[in-house]
Amino acid sequence: MLKKLTATLVAGLAMLFPVAQAEVTVNISQGVLKPTPIAIPSFEASGDNVQLAADITAVVQNDLLSTGLFTITPQSAHIQRDLSINAQPRFADWKIIQTDALVVGEVDTVTVEGVEFIRASVRLWDVYGEEVMRLEGQAGRRFTAKPEDWRRIAHKIADAIYTRLTGEDPYFDSRVVYIAETGPKDARVKRLAIMDSDGANVKYLTSGTFTVLTPRFSPSNQQITYMSYENNRPRVYLFDIQNGRQEVLGNFQNMTFAPRFSRDGQSVLLTQANSGNSDIFIRDLVTQGTRRLTDHPAIDTSPSMSPDGRQIVFNSDRGGSPQLYIMNTDGTPLTCPSGGRDTACRITFGSGRYSTPVWSPRGDLIAFTKQTSGKFHIGVIGVDGEGERLLTEAYLDEGPEWSPNGRVITFFRETSPGAGPKLWSVDLTGRNLRQIPTPTDASDPAWSPLLN
Amino acid sequence: MIRGIPASLLLHAAVIGAGYIAWPYVGADVLEEEFVVVPVDLVDLGEITNVAPVREQPEEVEPEEEPEPEPVEEEEPEDPVEEEPDERDIPEDDIATSSEQSAPEETEDDVVPDLEQEPEEEPEPEPEEPEPEKPKAPNPTPKRNPLDDFLNDADSTFESERETKRRTDPPKQEQTEIKDITPAQEPRKGAGERSANTVRIEQMLYNQILLCWDGVDDQPEPGRLNVQMRAQLDAEGNLIDVELVRPTRAPIGDRSMALAIERALRAVRKCQPYRLPRDEYAEWKIMNVNLGSRFGDTGQ
């Protein structure tokens, strides 16, 4: 009994005071953020699906590469060729070529009730951890769609991988609506166009008979609001994507412009001009009621709502030059970041002219256009007016719009007078500036929410 | 005279102006020529010099390498007992062979002690050998000339007198001088414990892991994403095991923390094998790796 007690005491003491052993401790406070090397071999397929599998693989690669956050290991460097989605890869072969993650996919076709579908399965492997990386809680993902929607399957796969490796919300499976421009400057044709987020599948929504501007997606993905000069009368319209119907928004006597949906999609913010003055209104799409949000002799325009719907940011020259202001949607006073309480608080104080503010889907930043020293910039600033950063600089950069996850900003740029506008995108950090390919000149891009 | 003053002023102004313009460029070419780009691999040194131990080899090496000359003796005619003359002749080879043979052994451990030990071994036998050899060498030649013989005899008498004086006089000062010299030639203990490498293990690990860790700056609230790990390594620098210390696992629903843990583990795994001095394996067998803004950088 005594021996047992002694042994227990000794064991307890040993647990409390482990034998001193030499150890080395390394502290690193900041890493080196660099693109993650990822290998995406061609998805496995058979028969007619081989080409389809190669196409899906290419879209996945391009999506991930476009973020600037990944480098794709060239397929010529791959050592293991006999990959199977149902077998564990030989991790040593992938470590040699310094790949962090490995995507293994398979494409086949299935027939359900006489209708043929394509089916793509994918697994993501952690090469150094030597284990499968769970995608949305699953050891793998399988997507099924009609053959014509094969690109959406590819975008979905890319989204799953992107989200798993970066922690960001997805955005590849989304669309961009923009103004397609053709013809000479004095007879410019401007049409409403829509395309996939990577520039593929361009479709024109309007004929070009009337000039259209500033399209914006609704959160439901089914509607687009924009400004049209139909019958030489600039007014805000609604476009239904499913049936192609267009209708004027409200029966405003005066010019209306700069529309944007509220976060719940139930209302549209817009600007109405009256005798040289312009103010911001909100139009309820259900009740058809309109409410004035600003009432000031200065020009107030370009409203954008915060994600929680409680505030808006807008552009006003009430301070002497175009600057950005925030206000409560219900018009009640708020405590301004610069001190005091007011119904509208100015958040930009830098030199130059600020315009086209857009509240980030994340809620913490506002993107804007800034004109200063003969140059245009796309920038971001905190909602408290702190931390202004200019991300781009060009002869003309204008019209920023956030990607659905708030990570990327798209805008249009003219590199020189008469060069014609093109669509561009830039990462929130200011890196990875790249042009989005479009068949024609393009301006006023707007990102849709993520597709269902 | 009236013309001379403006001319002088102009001349001085021209000289000063030329000097003002040319002076900044004087020697600039030389500096550019001397400027050579040298690729440098920066390694931080420890605060305390702590090099590998200096072994007292002069005494230890000789007996170890005595067996080598023995086969040489065996080839020659029988000299079984008279080891004293052999030791005087052989050490010249011994020193050479010992320095050649011992060098690679020591370089494996550490380069620094070799540089200290080699010059220490050589001077010890050299001053001993020339002393007996020098009187032997001049002896055969001077016997032919009587004048030389006379002078040599005189020298020898003077020397014998000096030797007798040395023997009779108390040799305290000379002995103390010799004692002072010999320790200086023997390996002296420098600063530090001499039990480890001068470059800190932490710094070597830091430099390697830093390149493998992507960080968490792209995540919201990166300041809270701190990961502590404990890893066990084998002597080759490969990872035997790595475990999370804090947090012990990814909190459910915290995507950023899960990602931070994943990146931290990947960094430790990706960096192996770690290039570290094997003779100090005991020191880095277990390593704690802390990644995150909460932790100050190692050695900085």
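The numbers attached to residues start from 1 for each chain and follow its sequence in the written order. Chains and ligands are labelled sequentially in the order written, the chains with letters from A and the ligands with numbers from 1. This being a predicted model, a pLDDT of at least 70 is required before a residue's local features are given, and a value of 80 or more before pairs of side-chain atoms are given or counted; all residues contribute to the totals for chains, interfaces and linings. The basis for every side-chain value is the complete set of non-hydrogen atoms in the structure, without hydrogens or water.

Undergrad: Can you walk me through the pairing of strand 4 (residues 101-112) of chain A in this structure?
TA: Consecutive residues of a regular strand have side chains that alternate between opposite faces of the sheet. All names here are of chain A. Two strands make a pair as long as DSSP finds a minimum of two bridges between them. Working definition: helices are DSSP H or I runs of at least four residues, strands are E runs of at least two. Numbering for both runs from the N terminus. Both strand 2 (residues 36-39) and strand 4 contribute to a ladder of 2 bridges, which runs parallel. Residue pairing for strand 4: Ile 38 is matched across the bridge by Ala 101. Of the pairings in the sheet, the one linking strand 4 to strand 5 (residues 115-126) comprises 12 bridges and is antiparallel in character. Across the sheet, Glu 106 pairs through a bridge with Ser 121, a residue of strand 5. The antiparallel hairpin formed by strand 4 and strand 5 contains 2 residues in its connecting segment, where Glu 113 sits at a positive phi of about 50 degrees.

Undergrad: Help me understand the interface of chain A and chain B in this model?
TA: Interface size is commonly expressed as the accessible surface area that is lost when the partners come together. We call two residues in contact whenever any of their non-hydrogen atoms come within 4.5 Å of each other. Between chain A and chain B, the residue contacts involve 29 residues of the former and 38 residues of the latter. Together, the buried faces of chain A and chain B total about 3,100 Å²; carbon and sulfur atoms form 46% of this surface. Interface area lost by chain A to chain B is led by Val24(A), Val26(A) and Ile28(A), which between them contribute 23%. Among the salt bridges present, the one from Lys270(B) reaches Asp100(A), with a minimum N-O distance of 2.8 Å. Polar contacts, as counted here, are pairs of nitrogen or oxygen atoms within 3.5 Å of one another; within protein the pair requires one atom able to donate a hydrogen and one able to accept it, and residues that are adjacent in sequence qualify only if both atoms are side-chain atoms. For the pair chain A and chain B, the interface holds 23 residue pairs in polar contact (both at pLDDT 80 or more). Of all the secondary-structure elements, those providing two or more residues to the side of chain A that touches chain B are strand 1 (23-28), strand 2 and helix 4 (150-166) of chain A. A total of 6 residues in the side of chain A that touches chain B trace back to one element, the largest contributor, which is strand 1 of chain A. As paired strands, strand 1 of chain A and strand 3 (residues 286-291) of chain B are joined by 6 bridges and run parallel to one another. Each residue of the ladder has a partner; that of Thr25(A), found in strand 3 of chain B, is Asn288(B). By definition, the buried area sums, over both parts, the 1.4 Å-probe accessible area that each loses when the two are put together. Salt-bridge detection follows one rule: a side-chain nitrogen of Lys or Arg within 4 Å of a carboxyl oxygen of Asp or Glu.

Undergrad: Explain empty space enclosed by the protein here, please?
TA: Summary: where empty space remains is shown by rolling a probe the size of a single water molecule over the atoms. Definitions used for this entry: grid spacing 1 Å over protein atoms alone; cavity, a set of points where a 1.4 Å probe fits but cannot get out; pocket, an open set with protein on both sides within 12 Å along at least 5 of 7 lines; lining residue, one with an atom within 4 Å of a point. Grid points are joined across faces, edges and corners, and a volume is the space filled by probe spheres set on the points. Per the counting criterion, the structure on display carries 2 cavities of 30 Å³ or more. The space that makes up the largest cavity amounts to roughly 150 Å³. For the largest cavity, the lining is made up of 14 residues, of which Leu33(A), Lys34(A), Thr36(A), Leu69(A) and Arg263(B) are closest to its centre. Among the elements of the structure, helix 4 of chain A together with helix 12 (255-271) of chain B are those that each provide at least two residues to the lining of the largest cavity. Note that Gly is not counted as nonpolar here; it falls among the polar residues with everything else outside the nonpolar set of Ala, Val, Leu, Ile, Met, Phe, Trp, Tyr, Cys and Pro and the charged set of Asp, Glu, Lys and Arg. In terms of residue class, the lining of the largest cavity is built from 5 nonpolar, 3 polar and 6 charged.

Undergrad: Explain the confidence of the model for chain A to me, please; I cannot follow it from the model alone.
TA: Caution applies to low-pLDDT parts of the model: their predicted coordinates are not meant to be read in detail. Of the residues in chain A, 95% have a pLDDT of 70 or more, and the chain-wide mean is 92. The model gives residues 14-19 of chain A a pLDDT under 50, and that stretch makes 0 contacts with residues more than four places away or in other chains. pLDDT: the predictor's confidence for each residue, scored from 0 to 100.

Undergrad: Mind showing me how you'd approach the sheet that holds strand 28 (residues 389-390) of chain A here?
TA: Either a parallel or an antiparallel arrangement is found when strands of a sheet pair, and the pairing is made through backbone hydrogen bonds. All names here are of chain A. The 4 strands are arranged 25-26-27-28 in an open sheet whose pairing can be described as antiparallel. With partners counted over all chains shown, the strands left at the sheet margins are strand 25 (353-359) and strand 28, one partner each. Taken together, the 5 bridges between strand 25 and strand 26 (residues 365-372) define a ladder with antiparallel strand orientation. Bridge pairing links Trp 359 to Ile 366 in strand 26.

Undergrad: Would you mind going over unusual backbone geometry with me for this structure?
TA: Both trends apply: most residues other than glycine have a negative phi, and most peptide bonds are in trans. Cis peptide bonds are those with omega within 30 degrees of zero, and the linkage from Arg246(B) to Pro247(B) qualifies with -5 degrees. Inspection of the secondary structure assignment puts Pro247(B) in the loop between strand 2 (239-246) and helix 12. At Ser275(A), a position not held by glycine, the phi torsion is positive, near 55 degrees. Its location among the elements puts Ser275(A) in the loop between strand 16 (267-274) and strand 17 (277-284). Relative accessibility under 20% of the residue-type maximum defines a buried residue, over 50% an exposed one, and the middle range a partly exposed one, all with a 1.4 Å probe and only protein chains included. With relative accessibility at 76%, the residue Ser275(A) sits in the exposed group. Look at Asn432(A): it is not a glycine, yet its phi comes out positive at around 55 degrees. Mapped onto the fold, Asn432(A) is located in the loop between strand 31 (422-427) and strand 32 (434-436). Residue class for Asn432(A) comes out partly exposed when judged on its relative accessible area of 23%.

Undergrad: What should I look at first to understand the state of the cysteines in this one?
TA: Between two cysteines, a covalent bond joining their sulfur atoms is known as a disulfide. Residues and elements named next belong to chain A. For this text, the term disulfide refers to a pair of cysteine sulfurs within 2.5 Å. Within the structure shown, the criterion is met by 2 disulfides over all chains. The disulfide bridge from Cys 336 ends at Cys 345, spanning 1.9 Å between sulfur atoms. Between Cys 336 and Cys 345 the disulfide shows an S-S torsion of about -75 degrees. By sign, it is left-handed. Here Cys 336 and Cys 345 have matching classes, each one buried.

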